[in-house]
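Commentary on secondary and tertiary structure
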Amino acid sequence: MNKDYVIEATGLVKSYGDNRVLNGVDLQVERGTMLALLGPNGAGKTTTVRILSTLLGFDAGTVKVEGHDIIRDADKVRSVIGLTGQSAAVDELLTGRENLVMMGRLYRLTKASAKARADELLTDFDLQDAADRPAKTYSGGMRRRLDLAVSLIATPPVIFLDEPTTGLDPRSRLSMWAIIRKLMDGGTTILLTTQYLEEADQLADQIVVIDGGKVIAKGTSAELKSKVGKDRLELVFKDAAALKAARKALGKDVISTDDKEYSATLVINDTNTDVKRVLDALVSAKISVQSMAVHKPTLDDVFLSLTGKTNNQVEQEEQ
Amino acid sequence: MATPLVFENRPKIIMALLDSWIMIKRSCTHILRNTDQLLGTFFQPIMFLVLFATVFGGAISKALPPGISYLDFLMAGIIIQTVAFGSTTTAVAVCNDLQKGIIDRFRSLPMNNLAVLNGHVVSDLLRNSISTVVMLLTGLIIGFRSHASALNWLAIVGLILLFTLAFSWLAAIVGVVAKSVEAVQWLTFVMIFPLTFASSAFVPTASMNSVLRVFAVNQPITQVVEAVRALILGTPVGNHVWLAVIWCLGILIVAIPLASWLFKRKSA
Ligand SMILES: Nc1ncnc2c1ncn2[C@@H]1O[C@H](COP(=O)(O)OP(=O)(O)OP(=O)(O)O)[C@@H](O)[C@H]1O
Ligand SMILES: [Mg+2]
């Protein structure tokens, strides 16, 4: 087992006073993959990202990024990472282009190179029209895109994205996802944090769920889902009589029914064979189905079963 | 992606200087783009100069040596006062940067972090130069006349710049230590208000009571004001120029390392 880990954190512990915010977090991110750090508000996501990106000290554990020790070789780490923090870190009074060129220069790019790269990013991120306006006139989505563009100015091989789509409307979120996918296609190693289960599901190779400063689950999204349960088939019938007949025909496969919606839910192991078998049984019993759908367990189910709460409940408790 | 990137390959010290230069340009751009603040930079000195000259002029001119108008006496004081209060802007700028996410970005870069402070402090020289020029022009319009030689003016410019730099570094400390911009505002106020008013900036110290006078005569602003005033009026400068320079250098020697240390600690 000699995997090529770009980010490797072992036993991270961090306390603020008596408040132990991280309590032994282990993370490994393989080269060219994305790890999503998933957790509710206050789980310790930002704290982890700040530590891994050299911004914050910690009490115990070791961290290596591209083989450099984060404490001893902080400057070396800084030259291979890009960070897009949770709150947009652009200079409001400078224009988009000036922001990019300035950060490029601070990344040690030559003036010509920084300018050329800024042009490239403004095009890629659909910001040409606003390039020469101060960033304070940007919309939330534009600002977030500029923020990400800034952290890519020197094409760092490792990127940290702390909740890159929080507060974006669905369209902006999709365009941000497209940008992130393009980065992944380019071979960038990414650590992304999110509260949106769907986002981790859509983008990440590996998911680590943290809560209360501890890793409570890790794996691919399929692995996490399979921990929670199997696929479910939902059938809707025309009336109560049809539902009753179906129940009889399908027997113990039915796990629940809804008498108002005339629907029945079944657990299936293999979508292809089981769905066919159920339909065959219904056809031979001459029962017609109004609609049917296969539900995969969502990461919301994962979250619920791991933390005992759904993400929405966590959000409501915060308020 | 498309074009390959080209990185600077120069000695570390050059790169550190370059970082500071980049941050100075940033802060200067802030000053020029922040139109509200820029208006203040223009009109506040005009207002102070005209108000002080007209309101106090009549009463105080009796206490002045014969042949010196209050406006000519006031000029040095009002310039130094404006510069001292102007340093508040440095403190606010430093504090603002530390409150916002941008400081995290700077810190995640392989740059020299003290460049951020250098940028704010040095750009302060630009803003204060604007104020000072505006004030001198306004003064000339309402009757200020100086007999200072070119050499004297050179010394005046040098002293004002040195003083600005010293107070900007003091302000940088306040900006780093303060928890909010509101705190910065009152902290700099309680620091600078007594220093400027309990000095010879607006009135001759001879008219003060003895306790106040001991303080006023021995504090840095009086030294700087007296030195600049003597240079403007063409009267003997005595020890004031040297004492002013020593005060400013002393402040710099303490304030630069202290501000840098506090900044590193705060942003770590
Ligand atoms: N500077 C600080 N001082 C004290 N406590 C802090 C500090 N920063 C964070 N914390 C605490 O650490 C815990 C984890 O915070 P963190 O910001 O890492 O959470 P998060 O997972 O990023 O949450 P969110 O989804 O809200 O961004 C929280 O309980 C928070 O109150
Ligand atoms: Mg966070």
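Residues numbered from 1 in each chain as written. Chains lettered and ligands numbered in written order. Predicted model: local features only at pLDDT ≥ 70, side-chain atom pairs only at ≥ 80, totals over all residues. Heavy atoms only, no water.

Quick look at the overall build of chain A now. If you tally the helices and strands in chain A, you get 12 helices and 14 strands. Taken over 319 residues, chain A has a buried fraction of 50%. A separation threshold of at least 6 residues defines the contact pool for chain A, and within that pool the share at least 24 residues apart is 67%. Only carbon and sulfur atoms are counted for the fraction: they give 47% of the accessible area of chain A, which is about 14,800 Å². Computing the positive centroid from 42 side-chain charges and the negative centroid from 45, chain A places the two 1 Å apart. (Helix = DSSP H or I, 4+ residues; strand = E, 2+ residues; numbered from the N terminus. Buried < 20%, exposed > 50% of the residue type's maximum accessible area, 1.4 Å probe, protein only. Contact = heavy atoms within 4.5 Å. Areas by Shrake-Rupley, 256 points an atom, 1.4 Å probe, with all protein chains shown as cover. Lys, Arg positive; Asp, Glu negative; His and termini not counted. Charge placed at Lys NZ, Arg CZ, Asp CG, Glu CD.)

The next subject is the sheet that holds strand β2 (residues 19-30) of chain A. All names here are of chain A. The strand order across the open sheet formed by 4 strands is β2-β1-β4-β5, and the pairing between neighbours is antiparallel. What marks the edges here is a single partner per strand, and that holds for β2 and β5 (68-69). Alignment of strand β1 (residues 5-16) against strand β4 (residues 60-65), held across 5 bridges, turns out to be antiparallel. Along β4, the bridge assignment pairs alanine 9 with valine 63. (Pairing = 2+ DSSP bridges.)

A word on the interface of chain A and chain B. On the side of chain B, 31 residues touch chain A, which itself brings 37 residues to the contact. In this assembly, chain A packs against chain B so that about 3,200 Å² is buried in total across both faces, 58% of it on carbon and sulfur atoms. The three residues of chain A that bury the most area against chain B are A:Leu93, A:Leu106 and A:Arg108, which together make up 23% of that side's buried surface. Applying the counting criterion to the chain A and chain B interface returns 6 salt bridges. A salt bridge links B:Arg33 to A:Glu98; its shortest N-O distance comes to 2.9 Å. Where chain A meets chain B, there are 16 residue pairs in polar contact (both at pLDDT 80 or more). Secondary-structure elements contributing two or more residues to the side of chain A that touches chain B are α2 (74-78), β6 (81-84), α3 (96-106), α4 (111-124) and α5 (140-151) of chain A. Broken down by class, the residue content of the side of chain A that touches chain B amounts to 15 nonpolar, 10 polar and 12 charged. (Buried area = accessible area lost by both parts, 1.4 Å probe. Salt bridge = Lys/Arg side-chain N within 4 Å of Asp/Glu carboxyl O. Polar contact = N/O pair within 3.5 Å; in protein donor to acceptor, adjacent residues only side chain to side chain. Nonpolar A, V, L, I, M, F, W, Y, C, P; charged D, E, K, R; others polar.)

All names here are of chain B. Within the secondary structure, threonine 205 sits in the loop between α7 (181-197) and α8 (210-218). For threonine 205, a relative accessible area of 17% gives the class buried. Setting aside residues no more than four positions away along its own chain, threonine 205 makes contact with Ser199, Ser200, Arg213, Ala216 and Val217.

A surface patch of nonpolar side chains, about 510 Å² in accessible area, is lined by B:Leu249, B:Ile253, B:Val254, B:Leu258 and B:Trp261. With respect to the helices, strands and loops of the structure, B:Leu258 is situated in helix α10 (residues 240-266). (Patch = residues over 30% accessible without salt bridge, like charges linked within 9 Å, V, L, I, M, F, W, Y side chains within 5 Å.)

Turning our eyes to something else, we now look at the sheet that holds strand β3 (residues 34-38) of chain A. Residue and element names in this part refer to chain A. Spatial ordering of the open sheet is given by β6-β7-β8-β3-β9-β10, a layout of 6 strands whose pairing is mixed. Every interior strand has two partners, whereas the edge strands, β6 and β10 (214-219), have only one. Direction aside, the axes of adjacent strands within the sheet are offset by 15 degrees on average. In this structure, β3 lies alongside strand β9 (residues 206-211), joined through 4 bridges in parallel fashion. Bridge pairing links leucine 35 to glutamine 206 in β9. With respect to the sheet, α5 is in contact with β6 and β7 (158-162), its orientation differing from that of β6 by roughly 165 degrees. Along the sheet, helix α6 (residues 170-185) contacts β3, β7 and β8 (189-194); its crossing angle with β8, the most-contacted strand, is approximately 150 degrees. (Axes fitted to C-alpha atoms, helices over the stretch in contact; angles between N-to-C directions.)

Domain assignment breaks chain A into domain 1 (5-226) and domain 2 (230-295). Between domain 1 of chain A and domain 2 of chain A, the C-alpha centre-to-centre distance is 45 Å. (Domains from an automatic or database assignment.)

As a further point, take the site of ligand 1. All names here are of chain A. Lining the immediate environment of ligand 1, one finds 13 residues, of which Asn41, Gly42, Lys45, Thr46 and Thr47 sit closest. For ligand 1, an oxygen atom lies 3.2 Å from a polar atom in the backbone of alanine 43. When ligand 1 is considered free in solution it has 640 Å² of accessible area, and contact with the protein chains removes 62% of it. Take the shell around ligand 1: its biggest share by element is 3 residues, from helix α1 (residues 45-52). For the shell around ligand 1, a count of residues per class yields 4 nonpolar, 7 polar and 2 charged. (Near = heavy atom within 4 Å.)

This brings us to the coordination of the magnesium ion (ligand 2). Under perfect tetrahedral coordination by four donors, a metal shows angles of 109.5 degrees; under perfect octahedral coordination by six donors, it shows angles of 90 or 180 degrees. Residues and elements named next belong to chain A. Surrounding the magnesium ion (ligand 2) are the protein donor atoms Thr46 (OG1) and Gln86 (OE1), at 1.8 to 2.1 Å. Pair noted here: threonine 46 is in helix α1 and glutamine 86 is in the loop between β6 and α3, with a separation of 40 residues, a long-range link. Residue classification places threonine 46 among the partly exposed positions, given a relative accessible area of 26%. We classify glutamine 86 as partly exposed; its relative accessible area is 40%. (Donors = N, O, S within 2.8 Å, 3.2 Å for Na, K, Ca; no water.)

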